[in-house]
Amino acid sequence: MKKYVCDVCGWVYNPEFGDPFQAVKPGTPFEDVPGSWVCPQCGVHKDQFSPL
């Protein structure tokens, strides 16, 4: 599974860990992260992320 980086702040979404603070379970591919999810560091939406 690919990692994705926030174009604004550089935070990396790693599907191995998910995002437990926003109820995204480990093993969740970025494509399956809900559209309402935002970067936990700067708050931008997932359309502001690029694959690493």
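Residues numbered from 1 in each chain as written. Predicted model: local features only at pLDDT ≥ 70, side-chain atom pairs only at ≥ 80, totals over all residues. Heavy atoms only, no water.

With respect to the packing of aromatic side chains
Inference 1: Following the criterion strictly, the structure yields nine aromatic pairs and no others.
Inference 2: Judged by centre distance (5.4 Å) and plane angle (35 degrees), the ring pair of F30 and F49 falls under tilted. With F30 in the loop between β2 (12-13) and β3 (49-51) and F49 in strand β3, the pair connects residues that are 19 residues apart, well separated along the chain. Take F30 and F49: they sit in the same class, and that class is buried. (Phe/Tyr/Trp six-rings, centres within 6.5 Å; stacked < 30°, edge-to-face > 60°. Helix = DSSP H or I, 4+ residues; strand = E, 2+ residues; numbered from the N terminus. Buried < 20%, exposed > 50% of the residue type's maximum accessible area, 1.4 Å probe, protein only.)

Examining unusual backbone geometry
Inference 1: One non-glycine residue, A23, lies in the positive phi region at around 60 degrees.
Inference 2: With respect to the element layout, A23 can be found in the loop between β2 and β3.

By themselves, these observations are geometric and do not establish any function.
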